[in-house]
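Structural characterization, general
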Amino acid sequence: MTPVIVRTREELAAARSQVEGTLALVPTMGALHEGHLSLMRQARRSAGTVAVSIFVNPLQFGPGEDFDRYPRTFPTDIEACAAEGVDLVFAPSREVMYPDEPQVTVQSGPMGEVVEGAARPGHFDGMLTVVLKLLNLVRPDVAIFGEKDAQQLAMIRRMVADLNVPVRVDGGPTVREPDGLALSSRNRYLSVPERRTGLALSRALRAGADAAAEGPDAVTAAARTVLDKAETADPPLALDYLVLVDPATFAPVAGPGQAVLAVAARVGATHLIDNVHLQLGKEH
Ligand code: PAF
């Protein structure tokens, strides 16, 4: 069944007031793929009503990033939501979300300036601002975000804790192609040769994960070996970062214990990110 599609705050408020029981929200920027669909299924298991938001948020794109060319595939997104039994889609325009130039925005703080935040200055401020607005507008009981954007998920958890936002935040596992490539709306930018080079990210993470028992140096060395090779491939991979960090704070870790090995690189004009959770052995 086609979901109820609402575009304005008034329509959303009216639809929200009809919801009985619990509501789960899956915030997205559209261009939905199997990763989003698995979050919708998780939402269905978590609450009686499932809402999806579709909004390409200008605030989280930096100058020169892909805001203008970000894929916008609304009709097929709605078909996908219908196939997953989504009840409500909130698809606001820019004017609905930002009727005035925003003066007060969320500051992501020091954690928003490291790793992905260092590669994309201002990105996490813009992302947290729109997520807080969506949470305030939709008022879900649970909000579900993909673990592929590990730092985004950690920052949202931190915002919800620091600002006492009354919502439960759940992460959903990364969905991969059979050859390991993490699903992303940006994968559709990749040519066949670029996609082949981009596979180095998941291969590097797997090599790092296989070395986890040996400790942090072995993890980064194993991952680096794969990435070094990809840096000289045709087309080449341009590494932005490879880091081993605490899953909650994104501060560097020297083991042993829980860690996230996170990588980002550009292949052609496409920014790709991926990560894996590890249990590190041995002291540094
Ligand atoms: O992960 C995304 O698609 C976006 O960053 C989000 C969480 C929908 C905010 O715009």
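Residues numbered from 1 in each chain as written. Predicted model: local features only at pLDDT ≥ 70, side-chain atom pairs only at ≥ 80, totals over all residues. Heavy atoms only, no water.

As annotated in an unreviewed UniProt entry, the protein carries the name Pantothenate synthetase and is attributed to Actinomadura darangshiensis. Quoted verbatim from the Sequence similarities (unreviewed entry) heading of the UniProt record, the comment on the protein is "Belongs to the pantothenate synthetase family." The UniProt entry for the protein carries this comment under Function (unreviewed entry): "Catalyzes the condensation of pantoate with beta-alanine in an ATP-dependent reaction via a pantoyl-adenylate intermediate." (UniProt positions renumbered as here; feature names shortened; annotations may be inferred.)

1. Points about the site of the ligand
Around the ligand lies a shell formed by Pro27, Thr28, Met29, Asn57, Gln60, Met127, Val130, Val131, Phe145, Asp149 and Gln152. Side-chain polar atom of glutamine 60 to an oxygen atom of the ligand: 2.6 Å apart, as the coordinates give it. Contact with the protein chains hides 89% of the accessible area of the ligand, taken as 290 Å² for the molecule alone. Looking at the shell around the ligand, the elements that each hand over two or more residues are β2 (23-28) and α6 (123-138). (Near = heavy atom within 4 Å. Polar contact = N/O pair within 3.5 Å; in protein donor to acceptor, adjacent residues only side chain to side chain. Areas by Shrake-Rupley, 256 points an atom, 1.4 Å probe, with all protein chains shown as cover. Helix = DSSP H or I, 4+ residues; strand = E, 2+ residues; numbered from the N terminus.)

2. Description of the UniProt feature "active site" (unreviewed entry) in the protein
Those residues carrying the UniProt feature "active site" (unreviewed entry) are His36 in this numbering. Summarising the element assignment, histidine 36 is placed in helix α2 (residues 34-46). For histidine 36, the residues in contact, after removing those within four places along its chain, are Thr28, Gly30, Ala31 and Ser185. (Contact = heavy atoms within 4.5 Å.)

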